[in-house]
Amino acid sequence: MIGKFRLGDEIFYGEIDNGRIYPKGDIHIGIFELSELRVLPPASPSKIVCVGLNYLDHARELSMEIPENPVLFLKPPSSVIGHEDKIIYPASSSRIDYEAELAVVIGKRCKNISASKAEDVIAGYTCFNDVTARDLQQKDGQWTRAKSFDTFAAFGPYLASPEELDIKDAKIACRVNGEIKQESSTSNLIFDIPYLIEFISEIMTLEVGDIITTGTPSGIGELQRMDTVEVEIQGIGILRNEVL
Ligand code: MG
């Protein structure tokens, strides 16, 4: 498991082993306990590519047809926050929702990657909360405003390598104030990750650090101010954020 951390002015990636952080690369500043460091989002995306309806259970919940192609939208880099950062409830919305998702972080600049080669461009996987102003999404008819507020792209806490999780059947859950709201498995994905990388990289060049987030399972619902929301994915960990 790899994380991005801050200690004072120093920002570095580190390997996490048994709650201790071993800085990577040329930085020789010692070994740390997790509690000594601030956890940062584990990537700096130039874009976040999101997939709309992509879980069978969620499609059934909404009585929607299974889409023929992935439906894509973007979230801006300015919406990024990390583990334990606050989600800010916007004044112009009166309904914001959590959406627990598995996200892929790109590790190699690429274009036109076939599904069979997709693994070569993956840096790792992380938990993602695709926070959404549901009222504005319905009002606008397209999704840019609803999906793009600052703090609406929470991801982390760390990056799991492809060896660290069973990508075909990883449990994914969302809890609000400790209560389970979403519970599914990546085995319910309609379009799997290799296919998504092929589909998206045919459209746009993917840069190192770019994120593809793979859609949310059933059980979506509302967040209130002061709620604590957690996205947990087996093999990655727990992303926790409070709503302000
Ligand atoms: Mg979503």
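Residues numbered from 1 in each chain as written. Predicted model: local features only at pLDDT ≥ 70, side-chain atom pairs only at ≥ 80, totals over all residues. Heavy atoms only, no water.

Draft legend 1. Expanded view of the overall build of the protein chain. Along its length, the protein chain carries 4 helices and 20 strands. For the protein chain, the spread of C-alpha atoms along the principal axes amounts to about 55 × 45 × 30 Å. Of all 244 residues assigned to the protein chain, the portion counted as buried reaches 52%. Residue pairs in contact within the protein chain that sit at least 24 positions apart in sequence constitute 72% of those at least 6 positions apart. Roughly 11,100 Å² of accessible area belongs to the protein chain as shown, and the carbon and sulfur atoms make up 49% of that amount. Here the protein chain holds 24 positive side-chain charges and 38 negative ones, and the gap between their average locations is 3 Å. (Helix = DSSP H or I, 4+ residues; strand = E, 2+ residues; numbered from the N terminus. Buried < 20%, exposed > 50% of the residue type's maximum accessible area, 1.4 Å probe, protein only. Contact = heavy atoms within 4.5 Å. Areas by Shrake-Rupley, 256 points an atom, 1.4 Å probe, with all protein chains shown as cover. Lys, Arg positive; Asp, Glu negative; His and termini not counted. Charge placed at Lys NZ, Arg CZ, Asp CG, Glu CD.)

Draft legend 2. A look at the domain arrangement of the protein chain. Domain annotation for the protein chain reports domain 1 (1-40) and domain 2 (41-243). Just the C-alpha atoms count here: the centres of domain 1 and domain 2 sit 25 Å apart. With 11 residues of domain 1 at the interface, the matching set in domain 2 holds 13 residues. Both sides of the domain 1 and domain 2 interface together cover about 940 Å² of buried area, and 52% of this is carbon and sulfur. Taken together, domain 1 and domain 2 are joined by 1 salt bridge. Between Asp85 and Arg38 there is a salt bridge, with the nearest N and O atoms lying 2.9 Å from each other. Run the count over domain 1 and domain 2 and you get 4 residue pairs in polar contact (both at pLDDT 80 or more). (Domains from an automatic or database assignment. Buried area = accessible area lost by both parts, 1.4 Å probe. Salt bridge = Lys/Arg side-chain N within 4 Å of Asp/Glu carboxyl O. Polar contact = N/O pair within 3.5 Å; in protein donor to acceptor, adjacent residues only side chain to side chain.)

Draft legend 3. Just the coordination of the magnesium ion, in detail. Distances from the magnesium ion to its protein donors, Glu99 (OE), Glu101 (OE) and Asp130 (OD), fall within 2.0 to 2.1 Å. Mapped onto the sequence, the donors of the magnesium ion take the spacing E-x1-E-x28-D. Taken as a pair, Glu101 in strand E11 (residues 100-106) and Asp130 in strand E12 (residues 122-130) lie far apart in primary sequence, 29 residues in all. A residue is classified by how much of its surface remains accessible, and Glu101, at 1% relative accessible area, is buried. (Donors = N, O, S within 2.8 Å, 3.2 Å for Na, K, Ca; no water.)

Draft legend 4. Broad picture of the packing of aromatic side chains. Enumeration over the complete set of coordinates arrives at 8 aromatic pairs. When the ring of Phe73 is compared with that of Trp143, the centres are 5.0 Å apart and the planes differ by 65 degrees; the resulting orientation is edge-to-face. Residue Phe73 is located in strand E7 (residues 72-75), and its partner Trp143 is located in the loop between helix H2 (134-140) and helix H3 (144-148); the two are separated by 70 residues in the primary sequence. Judged by its relative accessible area of 30%, Trp143 falls in the partly exposed class. A centroid spacing of 6.1 Å and a plane angle of 25 degrees characterise the contact between Tyr195 and Phe199, whose relative ring orientation is stacked. With Tyr195 and Phe199 both in helix H4 (residues 193-201), this residue pair falls 4 residues apart, about one helical turn. (Phe/Tyr/Trp six-rings, centres within 6.5 Å; stacked < 30°, edge-to-face > 60°.)

Draft legend 5. Molecular detail of the sheet that holds strand E10 (residues 96-98). Strand order in the open sheet formed by 3 strands is E13-E10-E18, with antiparallel pairing between adjacent strands. Each edge of the open sheet carries a strand with a single partner, namely strand E13 (132-133) and strand E18 (221-223). By the bridge criterion, 3 bridges tie E10 to E18 in an arrangement that is antiparallel. Bridge pairing in E18 places Asp97 opposite Glu222. (Pairing = 2+ DSSP bridges.)

Draft legend 6. Fine view of the pairing of E7. Of the two faces of E7, the one holding Phe73 and Lys75 is buried and the one holding Leu72 and Leu74 is not buried anywhere. As paired strands, strand E6 (residues 48-51) and E7 are joined by 4 bridges and run antiparallel to one another. By the bridge assignment, Cys50 is partnered in E7 with Phe73.

Draft legend 7. Representation of the environment of Gly124 in the model. One can find Gly124 in strand E12. Relative accessible area serves as the criterion here: at 0%, Gly124 is assigned to the buried category. Along the chain, Gly124 and Val104 lie 20 residues apart, while their C-alpha atoms are 6.0 Å from each other. Here Gly124 is in contact with Ala103, Val104, Val105, Leu159 and Ala160, once residues within four sequence places are set aside.

Draft legend 8. Structural detail: the pattern of salt bridges. Counted according to the given criterion, the structure contains 17 salt bridges. A salt bridge links Lys147 to Asp130; its shortest N-O distance comes to 2.9 Å. Within this pair, whereas Lys147 is found in helix H3, its partner Asp130 is found in strand E12, the two being separated by 17 residues in sequence. We classify Lys147 as buried; its relative accessible area is 1%. Judged by its relative accessible area of 1%, Asp130 is buried. Put simply, Lys75, Arg95, Asp97, Glu99, Asp130, Arg134 and Lys147 are held in one network by salt bridges that share partners.

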